[in-house]
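Observations on the three-dimensional arrangement
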Amino acid sequence: YNLMKLKIFKYKKVKSTNDIALKFIKKNIFEPTLVTSEIQTKGRGRVGKKWISKKGNLFISLFFKYNQKKINFKQFAILNAFLVKKVMSKIIKKKIKIKWPNDLLFDKKKFCGILQEVIKFGKFDYLIVGIGLNTNIAPQNKSFKSTSLKNILNKKINNQKILKEIVIAYEVFLKEKNKLSFSDLKMKYK
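Report follows, based on the coordinates. If you're wondering where the values come from, they're calculated on a predicted model, not measured in any experiment.

This brings us to the overall build of the protein chain. Helix and strand counts for the protein chain come out as five helices and seven strands. Sequence-ordered secondary structure for the protein chain, helices as α and strands as β, is β-α-β-β-α-β-β-β-β-α-α-α. Over its C-alpha trace the protein chain gives a radius of gyration of 16 Å, about what one expects of a compact globule, namely 16 Å for 190 residues. Along the longest, intermediate and shortest principal axes, the C-alpha atoms of the protein chain span 45 × 35 × 30 Å. Buried positions account for 49% of the 190 residues belonging to the protein chain. The contacts in the protein chain between residues at least 6 apart in sequence include a share of 65% that link residues at least 24 apart. Of the accessible surface of the protein chain, which amounts to about 10,600 Å², a share of 55% is contributed by carbon and sulfur atoms. Measuring between centres, the 46 positive side-chain charges of the protein chain sit 5 Å from its 11 negative side-chain charges.

This is the structure we're talking about:
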């Protein structure tokens with residue numbers, strides 16, 4: 001059972017895990033890599049929005065080479081949301097909704113945001129997938145209601161356990177993405 005092992009880099013504090021992922025790509029690191037940090041000082045959301053990054057929550061970016069012809073950007077957005085939802089469903093065991101294109105909601109409150117960016121470098125395209133997960137703290141936000149896994153489950157969340165679940169899910173996914181079509185993957189992860 002040959003999994004595509006993710007290289008993992010852990011930090012105490014970064015501006016944004018997506019920025020670190022970008023630096024790695026520019027250093028010619030080609031293999032799938034995951035970056036995580038305890039604190040982000042300038043977390044990003046979609047369309048230039050800020051992702052409020054509270055210490056105690058989980059911030060991850062992972063990147064891999066990607067072939068636009070096989071699965072395009074929009075299809076990846078769908079797959080990433082499905083994949084993270086599937087991991088979260090194991091933990092929460094209740095109804096999680098996807099708010100397209102990139103938020104996971106529980107009870108109409110946001111607890112996860114996904115930001116994907118494509119970087120062209122050298123001969124290749126890379127997909128960077130940033131995942132912000134409110135595990136222990138629900139940041140207050142004027143524009144939408146937020147919650148955290150701790151609030152949903154009434155217990156403190158072990159970020160390392162959740163990180164491990166996400167790593168395993170993406171290692172399986174990366175192995176499959178070269179073999180399966182978008183519709184097969186969609187059925188599998190839905």
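This is not the end of the story, as more comes after the structure.
Pairing is mixed across the open sheet formed by seven strands, whose spatial order is S1-S2-S3-S7-S6-S5-S4. Either end of the sheet is taken by a strand with one partner, and the two such strands are strand S1 (7–14) and strand S4 (97–99). Averaged over all pairs of adjacent strands, the angle between their axes in this sheet comes to 20 degrees, without regard to strand direction. Judged from the seven bridges that link them, S1 and strand S2 (residues 33–40) form a sheet pairing that is parallel. Following the sheet pairing, Lys7 is matched in S2 by Thr33. Sitting on the sheet, helix H2 (residues 73–92) touches strand S3 (58–66), S4, strand S5 (103–106), strand S6 (109–121) and strand S7 (124–133), and the angle it makes with S6 is about 140 degrees. Docked against the sheet, helix H4 (residues 159–177) engages S1, S2, S3 and S7, running at close to 10 degrees with respect to S3.

As a further point, take the nonpolar core. Counting residues in hydrophobic clusters, the biggest one holds 44 residues, and the most contacted among them are Phe64, Met88, Phe111, Tyr170 and Phe173. Of all the secondary structure elements, the ones that give two or more residues to this core are S3, H2, S5, S6, S7, helix H3 (149–153), H4 and helix H5 (182–189). Per-element accounting of this core gives the leading share, ten residues, to H2. Those residues in contact with Met88 that lie beyond four places of it in its chain are Lys93, Ile96, Leu104, Phe111, Leu133, Leu149 and Ile162. Among the nonpolar cores identified, the runner-up in size contains eleven residues, and Ile20, Ala21, Phe24 and Ile25 belong to it.

Attention now goes to the environment of Lys5. Inspection of the secondary structure puts Lys5 in the segment before S1. Of the residues examined, Lys5 reaches a relative accessible area of 59% and is grouped as exposed. Placed 36 residues apart in sequence, Lys5 and Thr41 show a C-alpha to C-alpha distance of 28 Å.

Attention shifts here to a positive patch on the surface. A cluster of basic side chains, namely Lys15, Lys23, Lys27, Lys42, Lys50 and Lys54, defines a positive patch on the protein surface. Relative to the helices and strands, Lys23 is located in helix H1 (residues 17–26).

A few words on the pattern of salt bridges. Under the criterion given, the structure shown has nine salt bridges. One salt bridge connects Lys55 with Glu38, and the closest N-O pair in it is separated by 2.9 Å. Linking Lys55 in the loop between S2 and S3 with Glu38 in strand S2, this pair joins segments that are 17 residues apart in sequence. On the basis of relative accessible area, Lys55 is assigned to the exposed category, the value being 51%. Taking the relative accessible area as the measure of exposure, Glu38 reaches 31% and is therefore partly exposed. Among the ionic pairs, Asp103 bridges to Lys110, the shortest N-O distance being 3.2 Å. Its relative accessible area of 8% is what places Asp103 among the buried residues. Within the structure, one salt-bridge network assembled from shared partners comprises Lys12, Glu38 and Lys55.

Definitions and cut-offs
Residues numbered from 1 in each chain as written. Predicted model: local features only at pLDDT ≥ 70, side-chain atom pairs only at ≥ 80, totals over all residues. Heavy atoms only, no water. Helix = DSSP H or I, 4+ residues; strand = E, 2+ residues; numbered from the N terminus. Rg over C-alpha atoms; globule rule 2.2 N^0.38 Å. Buried < 20%, exposed > 50% of the residue type's maximum accessible area, 1.4 Å probe, protein only. Contact = heavy atoms within 4.5 Å. Areas by Shrake-Rupley, 256 points an atom, 1.4 Å probe, with all protein chains shown as cover. Lys, Arg positive; Asp, Glu negative; His and termini not counted. Charge placed at Lys NZ, Arg CZ, Asp CG, Glu CD. Pairing = 2+ DSSP bridges. Axes fitted to C-alpha atoms, helices over the stretch in contact; angles between N-to-C directions. Core = buried A, V, L, I, M, F, W, Y, C linked by side-chain atoms within 4.5 Å. Patch = residues over 30% accessible without salt bridge, like charges linked within 9 Å, V, L, I, M, F, W, Y side chains within 5 Å. Salt bridge = Lys/Arg side-chain N within 4 Å of Asp/Glu carboxyl O.

Nothing here speaks to function; it is all geometry.
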